[in-house]
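Chain by chain, the residues:
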Amino acid sequence: MTSAVHGSRSASDLRVGELRPSQLLHTYGVGAVADLPNLSVMVLGLDEWELEQAAIVPEERLLAAVRSKLGPQVQNLRMPPYTPEDPNDFTGAWSRIGVPVAVFPGWLRCTDNRCNRLAPADSGLFHLLPNSVAPDQTRYVHSCRDSGRRRPTAVPARFVSACPAGHVDDFPWMYFVHRGAPHGADHTLKLVERGTTGEAANIFVECSCDDVKARSMAEAIGLRSEMVLPACRGRHPHLGTFELCTEQTKTMALGATNGWFAMQLRVFSLPHAENPVDSAVAEHWSGLQVLAQLPRESARLVLPTQVMWPQLERFGADEVLDAIVRHRDGDQAGAVEEEDALDIAGPEWLAFTGPPQSHPDFSVSSEPVPSSHRGWLDQVRLVKRLREVSALYGFSRLDAPEWGSATRGGPVVEENRAPLSSSAPSWVPCAETRGEGIFLRFNEQRVAAWEQDPDVVRRAGTLKAAHQKWCAQRRTSADWPGIRYVLLHTFAHVLIREFALECGYGASGIGERIYARSGDDPMAGILLYTAAPDSEGTLGGLVTLGSQRRLGSLIDQALEAARLCGSDPLCADHNPLAHGRLHGAACHACLFAAETSCERGNHFLDRELLVETFSGRPGGFFTT
Ligand SMILES: [Zn+2]
Ligand SMILES: [Zn+2]
Ligand SMILES: [Zn+2]
Ligand SMILES: [Zn+2]
Ligand SMILES: [Zn+2]
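No experiment lies behind these values; they were computed from the predicted model shown.

The subject of this paragraph is the overall build of the protein chain. Within the protein chain one finds 17 helices and 27 strands. A buried classification covers 54% of the 624 residues belonging to the protein chain.

Laid out in structure tokens, this is it:
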């Protein structure tokens, strides 16, 4: 990433660190604060990004879904500009290509404990020391003592303020220490840490004037912060804008986990059913599009010299050139019907359950169902190659976006969504991961019959009521995903745990996708998959667990493990209504998965739906 650190955004760019493309989507996207060793910067809005190095990623279903959220002006999805660092070439192209960032928060504190000066970065008190050898060691210094590189470092002030509408601002230091009273311009501040615990109660803001006493940051934290902080100024530092806002701000520690939540859409790349050469060309479009501008004879000469040719050769040059013309002439997202854009799961379900196929990004084969599970398991699919593309379409602060929204298109109103750019964006950043997986399809008749079981209906009522109560407490309105979802989701979690035990790698490396839908086009299935960011490699070995020889006993062991939890009887007797949580018998000891694994933040889980637990209540899918 490169930074224009002195406020002027087009000023000479300075490289301050490196972030990988997937980080730019999942951890440090637009509007997020990246904590560098001595500097804290915010990733700027899309208006500031340079597009030359941002390759277009052709993924029509995802583009259509993004359009359904942000509007038809979105033209494409792009990889963030990125060139890996070359340690042997300090001034190479990589050092100038990057994602733009600006210093945030804008207040710094001198780390010399005799000084502790607190002032804006652009107050003239601090100087920036770039480091071309180690860009992420770039730092501000205060000239209060020593000289040159020995001057003490000035670090970002540790607190900012934020509101639920997605605004974030510098903490109002002057206002806070003066208790909201007006003050002149000649006051200077210190941020002093007394003691060594680093607790807010031991951090004091002091003013040079005699009018006010030092004030502890503890007074700005938690419920009290609403009383001591001014109204929100509607600031979006990533855009450099202010807008009207009626929300109350809260104090937030720099680097707090609720400081930034990605709003994403994710799809699996599916081959074009009609013609494999079209999907191959679409896959390599960023490299092939220059050929689309050439006369056919020239293109025919150039094509075999391209890096992607080995992947295309089997189709023959003429077939590929025809497909290039088709792709050029066809409107990318136009190929996807509007209705499909709202249904990300549907086409994926058809691809996983349909005929086996093998493509560079999507390879599915059939595996016999283990004989002991034929009563409920209809299909086992080994997914040897899988590519997931995710697009960032906004972000929120303080509150996470609704669970499951990443796999659902459509113009859902998301009131807390902060924009990626100052006007409607013509593109959004995306990232891709490749992996492998196992797909299991439940028997629809069995699932439908189970849903009608009076014990299940009763349990569904309890869980749904708990869900509604939970929503009411948070003043949100999220859809109840249905009892079928909770069944499949819980099953996915017990299997993820079993798989992780079996193949030795962390459960956090396995992701899930739940396909649960009742009604006319029902779905009941799960996909467990590995997805390794920024690499072709996978953790390996997951598909082998789906073989007929191994899967049966793994499922048996997973279900056996689901009967008991280390926290029983508490866990099994857990009353969803009393706790207002979105799950029944579920806890860290038995069902919860890593944040990166679960598509619903560990909500909508209940062992009781699978097997008979300590509670002894009937209704388990695998015991009825
Ligand atoms: Zn100082
Ligand atoms: Zn003062
Ligand atoms: Zn606000
Ligand atoms: Zn438990
Ligand atoms: Zn989950």
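Now, onward.
Protein coordination of the zinc ion (ligand 3) is provided by C163 (SG), H167 (ND1), C232 (SG) and C245 (SG), with donor distances spanning 2.1 to 2.3 Å. Ordering the donors of the zinc ion (ligand 3) by residue number gives the pattern C-x3-H-x64-C-x12-C. Of this pair, C163 sits in the loop between strand 13 (159-162) and strand 14 (168-170) while C245 is found in the loop between strand 19 (241-242) and strand 20 (250-253), placing the two residues 82 residues apart along the sequence.

The next subject is empty space enclosed by the protein. In total, this model carries 2 cavities of 30 Å³ or more according to the counting rule given. Taken as a whole, the second largest cavity spans an internal volume of roughly 30 Å³. Lining the second largest cavity, in full, are R109, R158, F159, L191, E193 and I203. Split by residue class, the lining of the second largest cavity holds 3 nonpolar, no polar and 3 charged.

As a further point, take the sheet that holds strand 20. Read from one edge of the open sheet, 3 strands run 14-13-20, paired in antiparallel fashion. Two strands bound the open sheet, and with one partner strand each, they are strand 14 and strand 20. Neighbouring strand axes in the sheet, compared pairwise and without regard to direction, differ in orientation by 40 degrees on average. The sheet contact formed by strand 13 and strand 20 spans 4 bridges and is antiparallel. Residue pairing across strands places S161 opposite T251, the latter belonging to strand 20.

Formed by 53 residues in total, the largest nonpolar core has its most connected members in L440, F491, L495, F499 and I526. Breaking this core down by element, the ones donating at least two residues are strand 24 (377-396), strand 25 (427-442), helix 12 (444-452), helix 13 (454-473), helix 14 (483-503), strand 26 (510-517), strand 27 (523-533) and helix 15 (548-563). Among the elements that take part in this core, helix 14 stands out by supplying 11 residues, more than any other. What L495 contacts, discounting residues up to four positions off in sequence, is L440, I526, L528, L554, I555 and A558.

All chains considered together, the criterion is met by 30 salt bridges. For R266, the salt bridge goes to E388, with nearest N and O atoms at 3.4 Å. Residue R266 is found in strand 21 (residues 261-268), and its partner E388 is found in strand 24; the two are separated by 122 residues along the sequence. Judged by its relative accessible area of 24%, R266 falls in the partly exposed class. We note a salt bridge from R300 to E297, for which the minimum N-O separation is 3.9 Å. With a gap of 3 residues between them, R300 and E297 both fall in helix 7 (residues 296-302), about one helical turn apart. The exposure class assigned to R300 is partly exposed, which follows from its relative accessible area of 28%. By relative accessible area, E297 is classed as exposed at 52%.

Rules behind the numbers
Position numbers for residues count from 1 along each chain, tracking the sequence in the order it is written. Starting at A for chains and at 1 for ligands, labels are handed out in the order in which the entities are written. The model is predicted, so local features are restricted to residues of pLDDT at least 70 and side-chain atom pairs to those at 80 or more, both for listing and for counting; the totals for chains, interfaces and linings are taken over all residues. Only hydrogens and water are set aside when side-chain values are computed; all heavy atoms of the structure are taken into account. Runs of H or I in DSSP of at least four residues are treated as helices and runs of E of at least two as strands, each being numbered from the N terminus. Relative accessible area decides the class of each residue, using a 1.4 Å probe on protein chains only: under 20% of the type maximum gives buried, over 50% gives exposed, and in between gives partly exposed. Metal-coordinating donors are taken as N, O and S atoms lying within 2.8 Å of the metal, or within 3.2 Å when the metal is Na, K or Ca; because water is left out, some sites can appear incomplete. The distinction between a cavity and a pocket rests on a 1 Å grid over the protein atoms alone: a 1.4 Å probe fits inside a cavity but cannot get out, while a pocket stays open yet meets protein on both sides within 12 Å along at least five of seven lines, and a residue with an atom within 4 Å of a point counts as lining. Grid points are joined across faces, edges and corners, and a volume is the space filled by probe spheres set on the points. In this count, Pro and Cys sit with the nonpolar residues alongside Ala, Val, Leu, Ile, Met, Phe, Trp and Tyr, while Asp, Glu, Lys and Arg are called charged and the others, Gly among them, polar. Strands are labelled as partners when DSSP assigns at least two bridges between them. Here an axis means a line fitted to C-alpha atoms, over the contact stretch when the element is a helix, while the angle between two N-to-C directions is reported on a 0 to 180 degree scale. Note on terminology: a nonpolar core comprises buried Ala, Val, Leu, Ile, Met, Phe, Trp, Tyr and Cys residues joined through side-chain atoms within 4.5 Å. In what follows, residue pairs with any heavy atoms lying within 4.5 Å of each other are defined as contacts. In the sections that follow, a salt bridge refers to a side-chain nitrogen of Lys or Arg positioned within 4 Å of a carboxyl oxygen of Asp or Glu.

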